[in-house]
Amino acid sequence: MRKQGGPEVYRISGARAGLTEDVRGRQRRYIISMSIRTLSVILTVVLWNVERPLAWATLVIGLLLPYIAVVYANAGRENAPVVPAAYIPPPVVPVLEASKVESGAERAAEPLADPVDTP
């Protein structure tokens, strides 16, 4: 439980990416999508008299891509999964070796250590 009035402490691995980095990523996704749209519109014009079905397909892509690009670019911080920046493997627990089970006869066959003489 957090003390009242104290600063809230965040773990570094649980922190989200910075806002500037998030906006830059969204802008990059939007520009890539709009570049694909521009290419599809240009292909529509070029292919209109050459290959009409392919021109229709590029026209549909050019019409639908702005909506998809805006939705994709605006999908941002609220649903972003929190992934640690670095993978830290779990600690290695040493394995104990199996002990030898001795029978009473084997134990009796071993010589006993001499008791220590105490003065």
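Procedures and definitions
- Residues numbered from 1 in each chain as written.
- Predicted model: local features only at pLDDT ≥ 70, side-chain atom pairs only at ≥ 80, totals over all residues.
- Heavy atoms only, no water.
- Helix = DSSP H or I, 4+ residues; strand = E, 2+ residues; numbered from the N terminus.
- Buried < 20%, exposed > 50% of the residue type's maximum accessible area, 1.4 Å probe, protein only.
- Contact = heavy atoms within 4.5 Å.
- Areas by Shrake-Rupley, 256 points an atom, 1.4 Å probe, with all protein chains shown as cover.
- Salt bridge = Lys/Arg side-chain N within 4 Å of Asp/Glu carboxyl O.
- Patch = residues over 30% accessible without salt bridge, like charges linked within 9 Å, V, L, I, M, F, W, Y side chains within 5 Å.
- Phe/Tyr/Trp six-rings, centres within 6.5 Å; stacked < 30°, edge-to-face > 60°.
- UniProt positions renumbered as here; feature names shortened; annotations may be inferred.
- pLDDT = per-residue confidence, 0-100.
- Axes fitted to C-alpha atoms, helices over the stretch in contact; angles between N-to-C directions.
- Parallel < 35°, antiparallel > 145°, perpendicular 65-115°, else oblique.
- Left-handed = near helix turned anticlockwise from the far one by under 90°.
- Nonpolar A, V, L, I, M, F, W, Y, C, P; charged D, E, K, R; others polar.

Here's the deal with the overall build of the protein chain
Alright, step 1. The helix and strand tally for the protein chain stands at three helices and zero strands.
Alright, step 2. Listed by position from the N terminus, the elements making up the protein chain come as α-α-α.
Alright, step 3. For the protein chain, the residues scored as buried account for 12% of the 119 residues in total.
Alright, step 4. Partitioning the contacts of the protein chain with sequence separation of at least 6, the portion at a separation of at least 24 is 67%.
Alright, step 5. With the model as given, the accessible surface of the protein chain reaches about 11000 Å², and the carbon-plus-sulfur share is 65%.

Focus: the pattern of salt bridges
Alright, step 1. Per the stated rule, a full pass over the model turns up one salt bridge.
Alright, step 2. Measuring nitrogen to oxygen at the nearest pair gives 2.9 Å for the salt bridge that ties Asp22 to Arg26. One end of the pair, Asp22, and the other, Arg26, are both in helix H1 (residues 19–47), four residues apart, so they sit about a helical turn from each other.
Alright, step 3. Its relative accessible area of 16% is what places Asp22 among the buried residues.

A look at a nonpolar patch on the surface
Alright, step 1. Together, Val60, Leu64, Tyr67, Ile68 and Val71 make up a nonpolar patch on the protein surface, roughly 510 Å² of accessible area in all.
Alright, step 2. Within the secondary structure, Val71 sits in helix H2 (residues 52–74).
Alright, step 3. Residue Val71 is classed as partly exposed on the basis of its relative accessible area, which comes to 45%.

So, the packing of aromatic side chains
Alright, step 1. Inspection of every chain in the model, using the stated rule, returns one aromatic pair.
Alright, step 2. With a centroid separation of 5.3 Å and 55° between ring planes, the pair formed by Trp48 and Trp56 is classed as tilted.
Alright, step 3. Taking relative accessible area as the criterion, Trp48 reaches 29% and is therefore assigned partly exposed.

Here's the deal with the side chain of Ser40
Alright, step 1. Structurally, the position occupied by Ser40 is in helix H1.
Alright, step 2. Those residues in contact with Ser40 that sit more than four places away from it in its chain are Thr58, Ile61 and Gly62.

Quick word on the UniProt feature "transmembrane region" (unreviewed entry) in the protein chain
Alright, step 1. Following the UniProt record, one finds the feature "transmembrane region" (unreviewed entry) at residues 30–48 and 54–73.
Alright, step 2. For the annotated span residues 30–48, helix accounts for 95% and strand for 0% of the residues, and the straight-line distance between the end C-alpha atoms is 27 Å.

A short note on the confidence of the model for the protein chain
Alright, step 1. Mean pLDDT over the protein chain stands at 74; residues scoring 70 or higher make up 61%.
Alright, step 2. Put simply, helix H3 (residues 104–109) is where the protein chain has its lowest mean pLDDT, 66, and H1 is where it has its highest, 87.

Focus: the packing of H1 against H2
Alright, step 1. Relative to each other, H1 and H2 sit at 165°, their axes nearing to 8 Å. If you check the angle between H1 and H2, you find them roughly antiparallel. Once H1 is placed against H2, the crossing between them reads as left-handed.
Alright, step 2. In terms of residue class, the contact of H1 with H2 is made up of 16 nonpolar, six polar and four charged.

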